[in-house]
Amino acid sequence: MSDPAVVLDDLREESEELDVLVSELSVEQWGAPTPAPGWTLAHQIAHLAWTDRAALLAATDPEAFAVEAGKALAAPDRFVDEGAEEGAKLPPAELLAAWRADRERLQEALRAVPPGARFPWYGPPMSAPAMATARLMETWAHGQDVADALGAVRVPTARLRHVAWIGVRARDYAFLVRGVPAPAEPFRVELVGVDGEVWAYGPEGAAQTVTGPALDFCLLVTQRVHRDDTALVAHGPDAERWLGIAQAFAGPAGTGRTPREA
């Protein structure tokens, strides 16, 4: 994930794929509910636009971002919903135009970041490749909510590799955000990608492992599916516990999804 151009190109493609899903929606459809409680399709796109603006501020004006981050810390359980709610009030055409403009400005800013530079974020400081990966992960995850609401079936792509990577990297965060010490030893994670290739993370011979479909893993770490509704297999108590709390996103611990009805 060290080449920002690669992940930024993939981020653009992921955004454009979601754009196709929402670009022809009627005004009434923008108000349709999604799997996220209280969030309509408009909230989903508004959240992406809001976060793109925050990322742009972090990359170009760290001091101004620090002020915004302080507001988030003062209301950790509300700031995400409030940001989405504000954008969702816009007329759909205006919201869509704002999202397109915000994500393009962020593309330009991240491509201009000097190699090795880091800037602040709501979690640990981010490099340009890491920020692009995080934005792709969120775009894909909220795109899943949009697709589910519309009854659309998305074809998984190799871009899921970025989501899987950040999901593995965020292992310790998932424990720490819940006030639980992270496991001392690394896990071995082996995921079957969309073309049958195995994506492997962590040392071979690790005592605890996670294996299964990459799509299931990505849905789980973005909390778009319940653990019981995946084909993932964990060996080891800590690995199993991780799959029950995994989250690839910064912020408070997510509540996840309920199991599908049998």
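Whatever comes next refers back to the structure up there.
Keep in mind that this is a model prediction, so the values were computed, not measured.

(A) Layout of the packing of aromatic side chains. Under the criterion given, the structure shown has 8 aromatic pairs. Consider the rings of Phe65 and Trp121, whose centres lie 5.6 Å apart with planes at 10°: the pair is stacked. A residue pair is termed long-range when its members are at least 10 positions apart, and Phe65 in helix H4 (residues 62-74) and Trp121 in the loop between strand S1 (118-119) and strand S2 (126-127) qualify at 56 residues. Classification of Phe65 as buried rests on a relative accessible area of 2%. We classify Trp121 as buried; its relative accessible area is 14%. Here Phe187 and Trp242 contribute two aromatic rings whose centre-to-centre distance is 5.8 Å and whose plane-to-plane angle is 50°, an arrangement assigned as tilted. Here Phe187, found in the loop between helix H9 (171-176) and strand S3 (188-192), pairs with Trp242, found in helix H11 (residues 237-245); they are 55 residues apart in sequence, far enough to count as distant. Exposure remark for Phe187: the relative accessible area of 5% places this residue in the buried category. Note that Arg103 overlies the ring of Trp99, its terminal NZ or CZ placed 4.2 Å from the centroid. Residue placement shows Arg171 over the ring face of Phe187; its charged tip is 4.3 Å from the ring centre.

(B) Region of interest: helix H5 (residues 79-88). Taken together, the buried positions of H5 are occupied by Phe79, Gly83, Ala84, Gly87 and Ala88. Looking at the packing, one finds that the buried side of H5 touches helix H3 (41-60), H4 and helix H6 (92-112).

(C) Highlighting the pairing of strand S4 (residues 198-201). What you see with S4 is a clean split: Trp199 and Tyr201 sit on the buried side and Val198 and Ala200 on the side with no burial. Across 4 bridges, S3 lies against S4 in antiparallel orientation. Opposite Val189, over in S4, you have Tyr201 as the bridge partner. Between S3 and S4, which follow one another and run antiparallel, lie 5 residues, and Gly196 among them has a positive phi close to 90°.

(D) Representation of the packing of H3 against H5 within the structure. Packing of H3 against H5 leaves a shortest axis separation of 7 Å and a crossing angle of 110°. Of the possible angle classes, the one that applies to H3 and H5 is roughly perpendicular. The residues of H5 that touch H3, namely those facing Ala42, His43, Ala46, His47 and Trp50, are Phe79, Val80, Gly83, Ala84, Glu85, Gly87 and Ala88. Per-class residue counts for the contact of H3 with H5 are 7 nonpolar, 4 polar and 1 charged.

(E) Quick peek at the side chain of Thr139. Along the chain, the position of Thr139 falls in helix H7 (residues 128-150). Apart from the residues lying within four places of it in its own chain, the contact partners of Thr139 are Leu11, Glu14, Ser15, Leu18 and Leu48.

(F) Broad picture of the sheet that holds strand S5 (residues 209-213). Overall, mixed pairing links the 4 strands, which are arranged S4-S3-S5-S6 in an open sheet. This sheet does not close on itself; its edge strands, each paired only once, are S4 and strand S6 (233-235). Adjacent strand axes in the sheet meet at a mean angle of 10°, parallel and antiparallel pairs treated alike. In terms of strand pairing, S5 meets S6 through 3 bridges, oriented antiparallel.

(G) View of the pattern of salt bridges. One pass over the structure, following the stated rule, counts 21 salt bridges. Residue Arg53 pairs with Asp102 through a salt bridge whose shortest N-O separation is 2.8 Å. Of this pair, Arg53 sits in helix H3 while Asp102 is found in helix H6, placing the two residues 49 residues apart along the sequence. A relative accessible area of 39% places Arg53 in the partly exposed class. Taking the relative accessible area as the measure of exposure, Asp102 reaches 4% and is therefore buried. It is possible to trace a salt-bridge network through shared partners that takes in Glu13, Glu14, Glu17, Arg154 and Arg159.

Conventions and cut-offs
Residues numbered from 1 in each chain as written. Predicted model: local features only at pLDDT ≥ 70, side-chain atom pairs only at ≥ 80, totals over all residues. Heavy atoms only, no water. Phe/Tyr/Trp six-rings, centres within 6.5 Å; stacked < 30°, edge-to-face > 60°. Helix = DSSP H or I, 4+ residues; strand = E, 2+ residues; numbered from the N terminus. Buried < 20%, exposed > 50% of the residue type's maximum accessible area, 1.4 Å probe, protein only. Lys NZ or Arg CZ within 6 Å of the ring centre and 35° of its normal. Contact = heavy atoms within 4.5 Å. Pairing = 2+ DSSP bridges. Axes fitted to C-alpha atoms, helices over the stretch in contact; angles between N-to-C directions. Parallel < 35°, antiparallel > 145°, perpendicular 65-115°, else oblique. Nonpolar A, V, L, I, M, F, W, Y, C, P; charged D, E, K, R; others polar. Salt bridge = Lys/Arg side-chain N within 4 Å of Asp/Glu carboxyl O.

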